[in-house]
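Okay, here's what each chain looks like letter by letter:
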Amino acid sequence: MKYVLSFIMCLSLSLVLLLTSLDYYSGNEKFYKNFQNRNDIAKEAGLSVEALNTVNSDLIQYLKTGENNLLEKHFNTREITHMEDVFKLFELGRTVRIALVVIAALLIAFSIYRYGAESTFKTSSITMLFVWGLGAVLALLILSDFSESFIKFHHIFFDNDLWLLNPETDMMIRMLPQNFFMEMVYKILMGFVTALASVHILFFVIFNVIKKRG
């Protein structure tokens, strides 16, 4: 039972870190600019660099607020409707993240109360290895064929075909091509790995400090 609770706690905490990394990079305007400058996206989108930066800023702000007026001056109805679906996913992710923080905190507190702090952080350090393994398998599946993973993601999370944009008529796909999302996923994973490694090390350090004091 102790290891089951620990695994749920570690998994919950890991998902919190993953969702946080997703939120950070999807709202990182510097990342957008760097990708677009390297790939001459302003020319592809038919915009000046300054105009493209304005679109980036409004799009990022939309992902935070869901205010349609931020998109109406840049995109057509199909693109805006799709972004409404995207915003709902972001809002769901933020709600799930809060719930997972509460779950992880409660499980840590219960485990410390039931099994003691030393046992809790020792078990967490061990079960975190299983989370690493699970994450590694998922990352390999996604990155081994990103195009297929990208399509499956949209089929799972969207119940319409609005995400199938046309570069001839829809600017969004010209300014945010598939390679943009591939690079973003890589950044998200690297941010997640860094954060998870820090938490894992912290658990191990806390365990050893408590052990020495005991």
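An account of the accompanying structure is given in this report. Just so it is clear, the structure is predicted and the values come from calculations on it, not from any experiment. (Residues numbered from 1 in each chain as written. Predicted model: local features only at pLDDT ≥ 70, side-chain atom pairs only at ≥ 80, totals over all residues. Heavy atoms only, no water.)

### Regarding the overall build of the protein chain
Next, step 1: Summing up its helical and strand segments, the protein chain has ten helices and zero strands in all.
Next, step 2: Beginning at the N terminus, the succession of helices and strands in the protein chain can be written as α-α-α-α-α-α-α-α-α-α.
Next, step 3: Along the first, second and third principal axes, the C-alpha set of the protein chain runs to 65 × 30 × 30 Å.
Next, step 4: Buried positions account for 37% of the 214 residues belonging to the protein chain.
Next, step 5: About 12300 Å² of surface is accessible on the protein chain, with carbon and sulfur atoms providing 65% of the total. (Helix = DSSP H or I, 4+ residues; strand = E, 2+ residues; numbered from the N terminus. Buried < 20%, exposed > 50% of the residue type's maximum accessible area, 1.4 Å probe, protein only. Areas by Shrake-Rupley, 256 points an atom, 1.4 Å probe, with all protein chains shown as cover.)

### Looking at the packing of helix 4 (residues 49–65) against helix 6 (residues 77–115)
Between two packed helices, what matters for the description is the angle formed by their axes and the separation of those axes.
Next, step 1: Contact geometry for helix 4 and helix 6: axes closest at 8 Å, N-to-C directions at 55°. Regarding the angle of helix 4 to helix 6, the classification is oblique. Residues Leu59, Tyr62, Leu63, Lys64 and Thr65 of helix 4 touch helix 6, and the partners they reach there are Met83, Glu84, Val86, Phe87, Phe90 and Arg94.
Next, step 2: Partitioning the contact of helix 4 with helix 6 into residue classes produces seven nonpolar, one polar and three charged. (Axes fitted to C-alpha atoms, helices over the stretch in contact; angles between N-to-C directions. Parallel < 35°, antiparallel > 145°, perpendicular 65-115°, else oblique. Contact = heavy atoms within 4.5 Å. Nonpolar A, V, L, I, M, F, W, Y, C, P; charged D, E, K, R; others polar.)

### Quick notes on the pattern of salt bridges
Next, step 1: Counting across every chain of the model gives seven salt bridges.
Next, step 2: The partner of arginine 94 in a salt bridge is aspartate 23, and the shortest N-O contact between them spans 3.2 Å. Of this pair, arginine 94 sits in helix 6 while aspartate 23 is found in helix 1 (residues 2–26), placing the two residues 71 residues apart along the sequence.
Next, step 3: For the salt bridge of aspartate 58 with lysine 73, the shortest nitrogen-to-oxygen distance reads 3.5 Å. With aspartate 58 in helix 4 and lysine 73 in the loop between helix 5 (69–72) and helix 6, this residue pair connects regions lying 15 residues apart in the sequence.
Next, step 4: Each of Asp23, Glu91, Arg94 and Arg97 takes part in a single network of salt bridges with overlapping partners. (Salt bridge = Lys/Arg side-chain N within 4 Å of Asp/Glu carboxyl O.)

Function cannot be read off these values alone, since they describe shape.
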